[in-house]
Structures are given as C-alpha cells and as structure tokens.
Amino acid sequence: MTDPSTTTASGALAERCAAGLARLVAASGARRLLVAWSGGLDSTVLLHLALEFARARDLAIATVHVDHALAPNSADWAAHCERHAADLGVPCVTRRLVTSPPAGASVEAWAREQRYAELAAMTDAGTLVLTAHQRDDQCETILQRVLEGAGPYGLAGIRELRRLGAGYLARPLLCCSRAELAAWARARALSWVEDASNADGRFRRNRLRHDVLPVLSAAVPGAATGLLRLARIQAEVASGLDRMADAMLDAAARAPHRIPVASLRAAGPEWAPFVLRRALVRAGCEPPGRRQLRQILECACTARADAVPVVRWGRHAVRRYRGELYVTAAELPGPPREALAWTAQTPLALAVGTLSVRQGQGLALDPARLRSGAMTVRFRVGGERCRLPGSAHRRTLKQLFQEWGVPPWERALTPLVFVDGELAAVAGHCVCAGHAAPAGSVGLELEWEPAPALRPGG
C-alpha cells in the first residue's frame, strides 16, 4: 500500500519543479528542452519531471549523454541511457569524448569543461539545456568556494539560469534536496546507474559531501541553510557590482568586444577587476579567474605603449592596441596563402569570413573595370600600395592600416581585392583611385563579415 505522505511529497516536488521550469522557459524564450543525462539518480529524476512538463506544454524535448570515457563501464551507462530513452520515447544523443585530461590537470575540471563544450555545441537560440544540480550540490559548491577564498561571484554558488552557447543553461532542481529526489525516484520505481567515482575520496567534492558536510551539519544545526543564505546575499552583491560596471561601460560607448583602458584606470585598483569581469561577460566570454583578471589588468595598464600583449584563457583572449582591450578568440584562423579568383556573383566564404558585394554609392568598385579585368582576392604579404581617391601619391598598406587604427592581428585577416594584379580595394576600408565608381553612379560595395571565430562568442 502506498504511503499517502510519500504521494503528497512526490506531488509537491513535481509541482515545484514544474513551476521552476515554467519560469525558466519564459525567461529564456526556449522552445526546446535538452536534458543533460548522466544516467544517475538526479538526472534520471530530472528527465522524468522535464518530460511530464514538456508534454503538458507541447515543447520539444531530447536528452544528451556525454560519455567521458574515464570509467571502464562508461559504455554500459551510455547504453542504459539509450535504452531508457527509447522506452520513454525521447530522442537520446550520446557524445563520447575522444580526448583525455592533460597530465597534471584536474580530472573534474577537465570533464566539466568538455561536457559543457559538447552541450554548448548542441544549442541554438531556442534551446534550454537542463542539468540536475540540486540543493545539496549547491551547499557543497558554496562550502568549497568559501574554503578557496572565492569572491562574491563564486560565493553566489550555482546559477539557476545562464547563457550557454547560443541558448541557455538552467538548473530547475536547486530547490530540491538529494533525499527528496531519491524518495521521488523510489516512489516511481525508477532505475538509474551508480557512478563509483562519487565515493572516491581523491576528489575534494566527495570529501566535502561525505566527510565534512555531515559533521558540519551535526555540529552546527542549520549550517546548510546558512550556506544557502550566504549565496543569496553574495548574488545580490554580484548583481550590484554588475550594475555599477554596466554604468561605467555604457558611458564609454564602445563596441562590446572593445574595452577602453581608461575606463579600467578610472575605476581604480579596487573596482577595476569587477569592471573588467563584467566587460568580458558582456562580450560573450566565460569569466576568467582571478589570476587571468590580474594578468589582463597588468597588460592593460603597465605594458609598454607600443606593445601588443595577449592574455588567453579557455577559448578567449584579450589583446591590447592603442589604449583599448580587444576581446577575441584565443586562436585566430590563418588566411589563405594563395590568390583566389572571384567574380563577385556569389559570396566568397572563407575560414576568416565572408566577402560579398551589393549595389550602392558608398565605397564602391567601378563595375566597368570589373567587367574588363580579372578579379582576385588575397591577403597581405607585404609591400602592397594604394592611392586613395583625391590623393596624388600611393601609400603603403601598412601606413594606411596604422592611420585607420586597424589592430595588427586584423590586418592579416582583411581581404584585399585586386583587378588585373593591381590593388583595387581593401575590404571594409577603401577603394583605390582608378577603381572607384564615378561620383553619383551606382557601383559594387564590398561587404566583409569576419568569421564568428574572430569574436569571443564564436
């Protein structure tokens, strides 16, 4: 006979989760749920709760299992997920990692980074990725960050909703305890896999979970509640810091991927790390750690004026040029080495961007010159010269790039258009004399769209 109290508690948990999901879907504008499913207890409960929610609201739902290939029976876990998903009628995708943690790296940190990279690659603007972090995970995270001496952003704990790739990542179970999820799963006779690594004392989180938190909770009643309260307070502090930084950055009125060094200096040594962190988040980056923030501030404020320093973290980098920090991808693609024939009838898609034309009266090429000559596209090799309309002398492209304020790393990635072997235009910057459309006439304007990889969100 079913215990009525168990049934009531089970229903209450489902209602809490549904309410949370409704709020998160509304905040993210999601049309599709993607459940990150390890096959363990927590993510199995999440899958069932999310499936009930999605079907009641006619939302698309799928699940993804990331096989880290770290345990000898990881393939069995993947098979379990695929079978169970088939029984539920839910699409299941398995991603098996083919790389291994670098020597000396944290296995936990490596696995987490790889897992989120796989999830991010599967998102679009309408996707809400769900992970099964719950209240006990939150307490463990906060305690670990307290011991590490984290600041307000770290002490705010696991965020309920954040950007991931082109979509969002949500944790709808943060309001539930591990015991509640276990009771819900048992009441429904669910099956799940047990990961032996969760009891491995070599991992700090496991030691906190099994050795520290139980003793702390027994010695200090309400310790978990205090940790959660600390996280809420620090989240408010972090939000206030973001608003302050936003005001300073908005006043600077720069493109999102450009940060004036003067703004950081004006913030002073106490506030500059918070302003920089916010600027990087606004530019689409995962926020760097304190060490990288210090490195970036040092390169911004103390490097030689003519230096072009670079600081990299993860997939992102900051490069300084002429009093501004430029946020880019960590590794920039190289341009093609050979000249490329182009008729301009279709866009020229390259690893570094896409070049196309449209009719207009701006910086436009003379169509008559293009009809009579062979057009090619290539990138800088050195020594190129261009005479600007109205100028009596040709100037080197190096001089022109310096005058235009083009950062050095972008110069090599800017396409050059040649007609019959003569430089005719620098995409996005100029059309050389003798190749420009006559004043008042319609010509072909070059449109250059750099590849997303050149920007932090790419």
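Quantities reported herein were computed from a predicted structural model and do not represent experimental measurements.

Draft legend 1. Main features of the overall build of the chain. Each helix and strand counted, the chain has 14 helices and 21 strands in total. The C-alpha extent of the chain, read off along each of the three principal axes, is 95 × 50 × 40 Å. Looking at the chain residue by residue over its 458 residues, the buried ones come to 46%. Taking the contacts inside the chain whose residues are at least 6 apart along the sequence as the reference set, 69% of them involve residues at least 24 apart.

Draft legend 2. Spotlight on the pairing of strand E8 (residues 310-313). Every second residue of E8 is oriented toward a common face, the buried set being Val311 and Trp313 and the non-buried set Val310 and Arg312. Here four bridges tie E8 to strand E9 (residues 316-321), and the two strands are oriented antiparallel to one another. Looking across to E9, one finds that Trp313 is bridged to His316.

Draft legend 3. Main features of the nonpolar core. Counting 36 residues, the largest nonpolar core has Leu33, Val45, Leu49, Leu128, Leu130 and Leu173 as the members making the most contacts within it. For this core, the element with the most residues is helix H2 (residues 41-56), which contributes nine residues. Discounting residues that sit within four places of it in the chain, Leu173 has contacts with Cys17, Asp42, Leu46, Leu49, Ala132, His133, Gln134, Arg135 and Leu181. The next biggest cluster of nonpolar side chains, apart from the first, holds 23 residues, and it includes Val261, Leu264, Ala267 and Val275.

Draft legend 4. Highlighting the packing of helix H9 (residues 223-252) against helix H10 (residues 261-282). The N-to-C vectors of H9 and H10 enclose an angle of 95°; their axes lie 9 Å apart at closest approach. Comparing their axes, H10 and H9 come out roughly perpendicular. Contacts between H9 and H10 involve Leu241, Asp242, Met244, Ala245, Asp246, Met248, Leu249, Asp250 and Ala252 on the former and, on the latter, Ser263, Ala266, Ala267, Trp271, Phe274, Val275, Arg278, Ala279 and Arg282. Among the residues making up the contact of H9 with H10, the classes are represented as 12 nonpolar, one polar and five charged.

Draft legend 5. Structural detail: the pattern of salt bridges. The tally for this structure, following the rule as stated, stands at 24 salt bridges. For Glu180, the salt bridge identified is with Arg135, shortest N-O distance 3.9 Å. You can see Glu180 sitting in helix H7 (residues 178-187) and its partner Arg135 sitting in helix H5 (residues 135-148), a full 45 residues away along the chain. The salt bridge partner of Arg358 is Glu447, with a shortest N-O separation of 3.3 Å. A residue pair is termed long-range when its members are at least 10 positions apart, and Arg358 in strand E13 (residues 353-360) and Glu447 in strand E21 (residues 443-450) qualify at 89 residues. Judged by relative accessible area, Glu447 falls into the partly exposed class, the value being 32%. In this structure, a network of salt bridges that share partners links the residues Asp136, Asp137, Glu140, Arg178, Arg205 and Arg209.

Draft legend 6. Seen up close, the sheet that holds strand E1 (residues 32-36). What the six strands build is an open sheet, ordered E3-E2-E1-E4-E6-E5; its pairing is mixed. The sheet terminates laterally at strand E3 (92-96) and strand E5 (161-164), the two strands that pair on one side only. Adjacent strand axes in the sheet meet at a mean angle of 25° when their direction is disregarded. Where E1 and strand E2 (residues 60-67) come together, five bridges link them in parallel fashion. Counterpart to Leu33 in the pairing with E2 is Ile61. Of the strands in this sheet, E1, E2 and strand E4 (127-130) touch H2, which is tilted by about 170° from E1.

Draft legend 7. Quick peek at the state of the cysteines. This model, assessed by the stated rule, comprises one disulfide. Between the sulfur atoms of Cys386 and its disulfide partner Cys432 the distance amounts to 2.2 Å. Taking the sign of the S-S torsion, -130° for the link of Cys386 and Cys432, the bridge is left-handed. With a gap of 46 residues between them, Cys386 in strand E16 (residues 385-386) and Cys432 in the loop between strand E20 (430-431) and E21 connect regions that are remote in the sequence. A relative accessible area of 2% places Cys386 in the buried class. Overall, Cys432 belongs to the buried group, its relative accessible area being 2%.

Draft legend 8. Fine view of the sheet that holds E13. Read across the open sheet, the four strands follow the order E12-E13-E21-E14; overall the sheet is antiparallel. With one partner strand each, in any of the chains shown, strand E12 (348-350) and strand E14 (364-365) form the two edges of the open sheet. Note that E14 and E21 share two bridges and pair antiparallel. Looking across to E21, one finds that Leu365 is bridged to Leu444.

Draft legend 9. Looking closely at the side chain of Asp137. Inspection of the secondary structure assignment puts Asp137 in helix H5. The buried category is assigned to Asp137, whose relative accessible area is 10%. Setting aside anything within four residues of it in sequence, one finds Asp137 in contact with Asp42, Ala132, Ile158, Arg178, Arg205 and Arg209.

Draft legend 10. Structural context of the packing of H5 against H9. The N-to-C vectors of H5 and H9 enclose an angle of 75°; their axes lie 9 Å apart at closest approach. For the element pair H5 / H9, the angle class is roughly perpendicular. Here H5 contributes Arg135, Gln138, Cys139, Ile142, Leu143 and Val146 to the contact with H9, which in turn contributes Ala224, Leu227, Leu228, Leu230 and Ala231. Here the residues of the contact of H5 with H9 sort into nine nonpolar, one polar and one charged.

About the criteria used
- Sequence order sets the numbering: in each chain, residues are counted from 1 along the sequence as written.
- With the structure being a predicted model, the display of local features is reserved for residues of pLDDT at least 70 and the display and counting of side-chain atom pairs for 80 or more, all residues being used for whole-chain, interface and lining totals.
- To get the side-chain values, all heavy atoms of the structure are used, and hydrogens and water are removed first.
- We count a stretch as a helix when DSSP gives it H or I for four or more residues in a row; a strand needs E for two or more, and each element gets its number in order from the N terminus.
- Note on classification: 1.4 Å probe, protein chains only; a residue is buried when its accessible area is under 20% of the maximum for its type, exposed when over 50%, partly exposed between these limits.
- For this analysis, residues touch if any pair of their heavy atoms sits within 4.5 Å.
- By definition, two strands form a pair when at least two bridges between them are found by DSSP.
- Throughout this description, the term nonpolar core refers to a set of buried Ala, Val, Leu, Ile, Met, Phe, Trp, Tyr and Cys residues connected via side-chain atoms within 4.5 Å.
- Between N-to-C directions, angles span 0 to 180 degrees; the directions come from axes that are lines fitted to C-alpha atoms, helices contributing only their stretch in contact.
- Our angle categories are set so that under 35 degrees counts as roughly parallel, over 145 as roughly antiparallel, 65 to 115 as roughly perpendicular, and the remainder as oblique.
- Polarity classes work like this: nonpolar for Ala, Val, Leu, Ile, Met, Phe, Trp, Tyr, Cys and Pro, charged for Asp, Glu, Lys and Arg, and polar for all others, with Gly in that last group.
- Salt bridges are counted wherever a side-chain nitrogen of Lys or Arg sits within 4 Å of a carboxyl oxygen of Asp or Glu.
- Two cysteine sulfur atoms make up a disulfide if the distance between them is within 2.5 Å.

By themselves, these figures tell us nothing about what the structure is for.
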